[in-house]
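Residues per chain are reported as follows:
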Amino acid sequence: MEKMVFQTLISASKEKLWDSLWTDANYQVWTSAFAEGSKAESDWKKGSRILFTDGKGSCMISMIAENRPYDFMSFQHLGELKNGVEDMETAKTQGWAGAYENYTLKDVNGKTELTVEMDNMGMSQDMLDYFNNTWPKALEKLKGIAEE
């Protein structure tokens, strides 16, 4: 399976970067590169459901596949919610359901390297272009938060 990979080196500890990634207020800032009003709703425990909302009433339904604080977070995308209706079974959703999105933090000489890997199964060229253009912007916002 093909993966999209995005990396950045951030002048912050793994703990600071982790908090910059996943605390509610910080998450909303760096993910605004994807959609203003983005939020994540979850208890953040392995095996739990997580909703990635876009601020407009739609969201991606995922599961926390792994949560090793300060080292690794993995989400498995399952479906979407639009207008209050879950879609886990249509052909469109099945084209990408099961895809993973992984975040790995690694110490590098007092800084933290963040690697984001996304399975790109079922993505159109437009979506690939969107993520290739938007992830660098999101990582710059994240870097600004973590290096404050």
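Predicted model, so just to flag it, every value in this text is computed and none were measured. (Residues numbered from 1 in each chain as written. Predicted model: local features only at pLDDT ≥ 70, side-chain atom pairs only at ≥ 80, totals over all residues. Heavy atoms only, no water.)

A. Here's a closer look at the pairing of strand E8 (residues 111–119). Here strand E1 (residues 3–10) runs beside E8; their pairing, made up of eight bridges, is antiparallel. Counterpart to Phe-6 in the pairing with E8 is Val-116. One ladder, built from eight bridges, connects strand E7 (residues 100–108) with E8; its direction is antiparallel. Pairing of Val-108 across the sheet is with Lys-111, part of E8. The loop that links E7 with its antiparallel partner E8 comprises two residues; one of these, Asn-109, has a positive phi angle of about 50 degrees. (Pairing = 2+ DSSP bridges. Helix = DSSP H or I, 4+ residues; strand = E, 2+ residues; numbered from the N terminus.)

B. View of the environment of Phe-131. In this fold, Phe-131 is placed in helix H4 (residues 125–146). With sequence-adjacent residues up to four places away left out, Phe-131 is seen in contact with Met-4, Phe-6, Phe-34, Met-118, Met-123 and Pro-136. (Contact = heavy atoms within 4.5 Å.)

C. Highlighting the packing of aromatic side chains. This model, assessed by the stated rule, comprises 19 aromatic pairs. On the numbers, 6.3 Å between centres and 25 degrees between planes, the contact of Trp-22 with Tyr-27 is stacked. In this structure Trp-22 comes out as buried when scored by relative accessible area, which is 8%. Look at Tyr-27 and you get buried, because its relative accessible area is 8%. (Phe/Tyr/Trp six-rings, centres within 6.5 Å; stacked < 30°, edge-to-face > 60°. Buried < 20%, exposed > 50% of the residue type's maximum accessible area, 1.4 Å probe, protein only.)

D. Local environment of H4. Across its 22 residues, H4 extends 31 Å between first and last C-alpha, which sits within 8% of the 32 Å expected from 1.5 Å per residue. Approximately 25 degrees is the largest bend angle found in H4, and it occurs at Thr-134, with the proline Pro-136 only one to four residues beyond. The complete set of buried residues in H4 reads Leu-128, Phe-131, Thr-134, Trp-135, Ala-138, Leu-139, Leu-142, Ile-145 and Ala-146. For H4, the elements touching its buried residues are E1, helix H1 (14–22), helix H2 (24–30), E7 and E8. (Expected span 1.5 Å × (residues − 1). Bend = angle between axes of the 7 residues up to and from the residue.)

E. Inspection of the nonpolar core at higher detail. Counting 29 residues, the largest nonpolar core has Leu-21, Trp-22, Trp-30, Tyr-103, Leu-114 and Trp-135 as the members making the most contacts within it. Looking at this core, the elements that each hand over two or more residues are E1, H1, H2, strand E3 (49–53), strand E5 (72–82), E7, E8 and H4. Here this core takes eight residues from H4, the largest share from any one element. What Trp-30 contacts, discounting residues up to four positions off in sequence, is Ser-20, Leu-21, Trp-22, Tyr-103, Trp-135, Ala-138, Lys-141, Leu-142 and Ile-145. (Core = buried A, V, L, I, M, F, W, Y, C linked by side-chain atoms within 4.5 Å.)

F. Seen up close, the environment of Thr-90. Among the structural elements, Thr-90 can be located in the loop between strand E6 (85–87) and helix H3 (91–94). Using a relative accessible area of 38% as the deciding quantity, one classes Thr-90 as partly exposed. Separated by 11 residues in sequence, Thr-90 and Gly-79 place their C-alpha atoms 9.1 Å apart.

G. Structural detail: the side chain of Glu-66. Within the secondary structure, Glu-66 sits in strand E4 (residues 59–68). For Glu-66, a relative accessible area of 18% corresponds to the buried category. A polar side-chain atom of Glu-66 sits 3.2 Å from a polar atom in the side chain of Lys-46. Among all residues touching Glu-66, those that are not within four sequence positions of it are Lys-46, Phe-72, Met-73 and Ser-74. (Polar contact = N/O pair within 3.5 Å; in protein donor to acceptor, adjacent residues only side chain to side chain.)

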